[in-house]
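Working through the structure, step by step
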Amino acid sequence: MHQLYNDFKGAPYVGIWLFWRPALVVNSPEIARRVLVKDADVFRNRFLSSGKSDPIGGLNIFTINDPLWSSVRRRLTTVFTAAKLRSLQPITMAKTKNLIKRITDDTKNGGPVPDLRAKNLHRLYTTDVVGEAVFGVVSDCLISSDSIMRRVTRELMAFNFQRGLSWSSIFFFPELVDIFKLSFFTKHTMEFLRKVFRSVIEQRGGYEKPVKEPRDLLDALIKIKQEAAGDNEDISEDLLLAQAAIFLLGGFDSSGSALTLSLYELA
Ligand code: HEM
């Protein structure tokens, strides 16, 4: 993608082949905005798919298609009003202070230490922010380099041949996913996240305790289950866990990479 971007700089879009299928790489922010926002109705379903053999990966908002996507998206949108995002500002500010302190402490003794790799630091930072803002789980891995949330995000990004094959197939060759029973997240990662997820839900009084105003994603997920139960619809824990997993992955790695590249450009 990077090479395509450089080779065709200035072109609004580039045609490529995904094996035998023609595809379009959009290079222009204006066209991207139309695809993602203005004309989103026309570009509803994503090409990628996590198949039917993966109960969690196949249920998250990033991989599902309509009509389930619209239903999940409509319900989750209530968490992301401007006012709710503003109310999370103090968490971001507190974690930013920790990031600055960590960089200052690590460099105090006269130069960068091995731990001061920008991407690693930013992943600690975004894990702390997302862990607390989305899950309400206090995470201070910027201070201690470790936390429950960091263990989950480290697992999410563990990379090897099997993960590479799974992700390449999910994104570019979804037909292979069910044939080889590939999965978006590993079984071990999901079992670990499920334990964390259940324990936070229990701390909040379980699925039965009514949620009036969702404070974070987890509250919103509990509320979705409660509202559906009111309509005699059963929403599985897998569906809720799938959203928690994709928010964690989408929230920590994308922002961590964006921060790292921004810092590089500034330097
Ligand atoms: C610089 C940071 C980020 C970048 C570059 C980024 C990029 C993207 C892109 C390209 C998509 C696909 C859009 C589409 O196909 O319609 C996406 C979707 C998504 N992202 Fe991000 N993202 C970022 C931050 C975040 C954060 C902070 C979160 C969560 C806290 C998040 C959660 C998601 C989710 C849940 C989706 C699926 C949305 C849906 O299907 O309705 N992302 N992101």
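Not measured: the values here are computed from a predicted model.

Tallying secondary structure elements over the protein chain gives 13 helices and two strands in all. In summary, the protein chain has a C-alpha radius of gyration of 20 Å against a globular reference of 18 Å for 267 residues, a match within 12%. Over its C-alpha atoms, taken along the principal directions, the protein chain stretches across nearly 55 × 55 × 35 Å. When each of the 267 residues of the protein chain is scored for burial, the buried share is 39%. The contacts of the protein chain with a sequence gap of at least 6 include a subset with a gap of at least 24, amounting to 57%. With the model as given, the accessible surface of the protein chain reaches about 15,900 Å², and the carbon-plus-sulfur share is 61%. Computed over 36 positive and 30 negative side-chain charges, the separation of the two mean positions in the protein chain equals 2 Å.

Evaluation of the coordinates by the stated rule reveals 22 salt bridges. One salt bridge connects K84 with E213, and the closest N-O pair in it is separated by 3.6 Å. Taken together, the residues span a long stretch of sequence, with K84 in helix α4 (residues 82-87) and E213 in the loop between α11 (187-203) and α12 (217-230) at a distance of 129 residues. E213 gets classed as exposed once you look at its relative accessible area, which sits at 56%. Close ionic contact of D146 with R151 constitutes a salt bridge, the shortest N to O distance being 3.6 Å. Salt bridges linked by common partners bring R194, R198, E237 and D238 together as one network.

Moving on, we come to the site of the ligand. Taken together, the residues surrounding the ligand are L36, R46, I61, F62, W69, R73, F247, G250, G251, S254, S255 and A258. Within the side chain of R46, a nitrogen or oxygen atom sits 2.8 Å from an oxygen atom of the ligand. Taking I61, its main chain carries an N or O atom lying 3.3 Å from an oxygen atom of the ligand. Secondary structure elements with two or more residues in the shell around the ligand: α3 (68-77) and α13 (237-266). Per element, the largest residue contribution to the shell around the ligand is six residues, and it comes from α13. For the shell around the ligand, the class distribution of residues is six nonpolar, four polar and two charged.

Let's shift gears to the side chain of S147. In this fold, S147 is placed in the loop between α7 (141-144) and α8 (148-156). Of note is the side chain of S147, whose polar atom sits 3.0 Å from the side chain of S139.

Another aspect to go through is the packing of aromatic side chains. Per the stated rule, a full pass over the model turns up eight aromatic pairs. With 6.4 Å between their ring centres and 50 degrees between their planes, F171 and F172 make a pair best called tilted. When its relative accessible area of 28% is taken as the criterion, F171 is described as partly exposed. Look at F172 and you get partly exposed, because its relative accessible area is 36%. An aromatic cluster of at least three residues, connected via ring pairs, comprises F62, W167, F171, F172, F184 and F185. Across from the ring centre of Y207, 5.3 Å away, lies the NZ or CZ of K225, which sits over that ring.

Time to look at the domain arrangement of the protein chain. When its domains are assigned, the protein chain resolves into domain 1 (1-43) and domain 2 (46-266). Inter-centroid distance (C-alpha atoms) of domain 1 to domain 2 is 26 Å. Each partner contributes residues to the interface: domain 1 has four residues there, and domain 2 has four residues. Of the roughly 460 Å² buried between domain 1 and domain 2 on both sides combined, carbon and sulfur atoms contribute 73%. At the junction of domain 1 with domain 2, the criterion picks out one salt bridge. Notably, a salt bridge pairs R21 with E175, separated by 2.7 Å at the nearest N-O pair. At the surface where domain 1 touches domain 2, the tally comes to one residue pair in polar contact (both at pLDDT 80 or more).

How each quantity is defined
- Residues numbered from 1 in each chain as written.
- Predicted model: local features only at pLDDT ≥ 70, side-chain atom pairs only at ≥ 80, totals over all residues.
- Heavy atoms only, no water.
- Helix = DSSP H or I, 4+ residues; strand = E, 2+ residues; numbered from the N terminus.
- Rg over C-alpha atoms; globule rule 2.2 N^0.38 Å.
- Buried < 20%, exposed > 50% of the residue type's maximum accessible area, 1.4 Å probe, protein only.
- Contact = heavy atoms within 4.5 Å.
- Areas by Shrake-Rupley, 256 points an atom, 1.4 Å probe, with all protein chains shown as cover.
- Lys, Arg positive; Asp, Glu negative; His and termini not counted.
- Charge placed at Lys NZ, Arg CZ, Asp CG, Glu CD.
- Salt bridge = Lys/Arg side-chain N within 4 Å of Asp/Glu carboxyl O.
- Near = heavy atom within 4 Å.
- Polar contact = N/O pair within 3.5 Å; in protein donor to acceptor, adjacent residues only side chain to side chain.
- Nonpolar A, V, L, I, M, F, W, Y, C, P; charged D, E, K, R; others polar.
- Phe/Tyr/Trp six-rings, centres within 6.5 Å; stacked < 30°, edge-to-face > 60°.
- Lys NZ or Arg CZ within 6 Å of the ring centre and 35° of its normal.
- Domains from an automatic or database assignment.
- Buried area = accessible area lost by both parts, 1.4 Å probe.

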